[in-house]
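# Understanding the architecture of this molecule
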Amino acid sequence: WARSRDREGQTASARRLLDVMIEKFRGGEEDMAPNILSYTSVLNAAVNEAIKEENIGADETDEKPGDNVDQPFDDDSAYSIAMRTYQQMKSDAHDCGVQPDHITYATMMKVVGANTAKESSERKSMLETIFEDACASGRLSSHVMKELRLAAPDVSLLERLLRSRKLATSEKSIFHELPKRWTRNVNADQRVRGHRVNMKDMIKKEVKASARAN
């Protein structure tokens, strides 16, 4: 359901299914306990819904959800639903024993990238928050890094988060150079996966933007 791109309100639908599972679990049906996939399906739906809206051509004058960095995420937009779901995972709000894994963090990078304006404070703030969450949990996998690079509006954000321009602009695996506490819970096969993003194009865009500003 979460992967279907031909339904309206698919994020709300995925969330309703999750809520049904939570309610039944709390009612004593232990076999209905939601797992990590149950929660992540809601996040994936928010990505797919944003992609669908982009493909059909949203009104360019419409403000993308998430442009307001101070928003409380209490509306019914796909972005807010995903954000609330992620926050509930982090706190295990429903006592299901579910905590974010590296797939969760990578998917949240995609959620932010798909649902916020590229240069918005919201995008930068949330990417930083998710990055810090991944680091704190020791799950900064190559998959998380790939989605961070794709969603980051510029190299400067990557440089600030990684604390190194060399690491921020590298197109090769950088995991052997990252603090071990950031990757301590990443499985070995996740650590060595090579995800490359064309950083040269990103750097060129940043240089051109700086030249225009000056």
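First things first, this report covers the structure right here in the doc. Keep in mind the model is a prediction, meaning the values are calculated, not measured.

Judged by nonpolar contacts, the single largest core of 38 residues is most densely connected at Val111, Phe131, Leu140, Met145, Leu148, Leu162 and Leu178. Among the elements of the structure, helix H2 (36-56), helix H3 (78-91), helix H4 (102-115), helix H5 (121-136), helix H6 (142-151), helix H7 (155-162) and helix H8 (165-169) are those that each provide at least two residues to this core. Among residues more than four places away in sequence, those in contact with phenylalanine 131 are Met109, Leu140, Met145, Leu148, Leu161, Leu162 and Trp182. Ranked by size, the runner-up nonpolar core spans 10 residues in total, among them Ala14, Leu18, Met89 and Cys96.

Under the defined criterion, the tally for this structure stands at four salt bridges. Among the ionic pairs, aspartate 19 bridges to arginine 15, the shortest N-O distance being 2.8 Å. A residue pair is termed a helical-turn pair when its members lie 3 or 4 positions apart in one helix, as aspartate 19 and arginine 15 do in helix H1 (residues 10-26) at four residues. Classification of arginine 15 as buried rests on a relative accessible area of 11%. A salt bridge links arginine 160 to glutamate 128, with the nearest nitrogen and oxygen atoms 3.0 Å apart. On the criterion of sequence distance, the pair formed by arginine 160 in helix H7 and glutamate 128 in helix H5 is long-range, its members being 32 residues apart. For glutamate 128, a relative accessible area of 22% translates into the label partly exposed.

Another point: the environment of glutamate 30. Relative to the helices and strands, glutamate 30 is located in the loop between H1 and H2. When the C-alpha atoms of glutamate 30 and cysteine 96 are compared, they prove to be 9.7 Å apart, with 66 residues separating the residues in sequence.

Let us now look at the packing of aromatic side chains. Under the criterion given, the structure shown has two aromatic pairs. Centre to centre, the rings of tyrosine 86 and tyrosine 105 are 6.4 Å apart; their planes meet at 80°, and the pair counts as edge-to-face. One end of the pair, tyrosine 86, is in helix H3; the other, tyrosine 105, is in helix H4, and 19 residues separate them in sequence. Overall, tyrosine 105 belongs to the buried group, its relative accessible area being 4%.

With that settled, consider H1. With 17 residues, H1 extends 24 Å from end C-alpha to end C-alpha; this agrees with the ideal 24 Å at 1.5 Å per step. Of the positions making up H1, those classed as buried are Gln10, Thr11, Ser13, Ala14, Arg15, Leu18 and Ile22. Of the residues trailing H1, glycine 28 is marked for its positive phi of about 110°.

This brings us to the environment of lysine 180. Examined against the element boundaries, lysine 180 turns out to sit in helix H9 (residues 180-183). The class for lysine 180 is exposed, based on a relative accessible area of 71%.

Quick look at the packing of H4 against H6 now. Contact geometry of H4 with H6 gives a least axis separation of 8 Å together with a crossing angle of 10°. Taken as axis vectors, H4 and H6 run roughly parallel relative to one another. Between H4 and H6, the residues in contact are His102, Ile103, Tyr105, Ala106, Met109, Lys110 and Gly113 and His143, Val144, Glu147, Leu148 and Ala151, respectively. Counted by class, the contact of H4 with H6 contains seven nonpolar, three polar and two charged residues.

Calculation notes
- Residues numbered from 1 in each chain as written.
- Predicted model: local features only at pLDDT ≥ 70, side-chain atom pairs only at ≥ 80, totals over all residues.
- Heavy atoms only, no water.
- Core = buried A, V, L, I, M, F, W, Y, C linked by side-chain atoms within 4.5 Å.
- Buried < 20%, exposed > 50% of the residue type's maximum accessible area, 1.4 Å probe, protein only.
- Helix = DSSP H or I, 4+ residues; strand = E, 2+ residues; numbered from the N terminus.
- Contact = heavy atoms within 4.5 Å.
- Salt bridge = Lys/Arg side-chain N within 4 Å of Asp/Glu carboxyl O.
- Phe/Tyr/Trp six-rings, centres within 6.5 Å; stacked < 30°, edge-to-face > 60°.
- Expected span 1.5 Å × (residues − 1).
- Axes fitted to C-alpha atoms, helices over the stretch in contact; angles between N-to-C directions.
- Parallel < 35°, antiparallel > 145°, perpendicular 65-115°, else oblique.
- Nonpolar A, V, L, I, M, F, W, Y, C, P; charged D, E, K, R; others polar.

These values are about where atoms sit, not about what they do.
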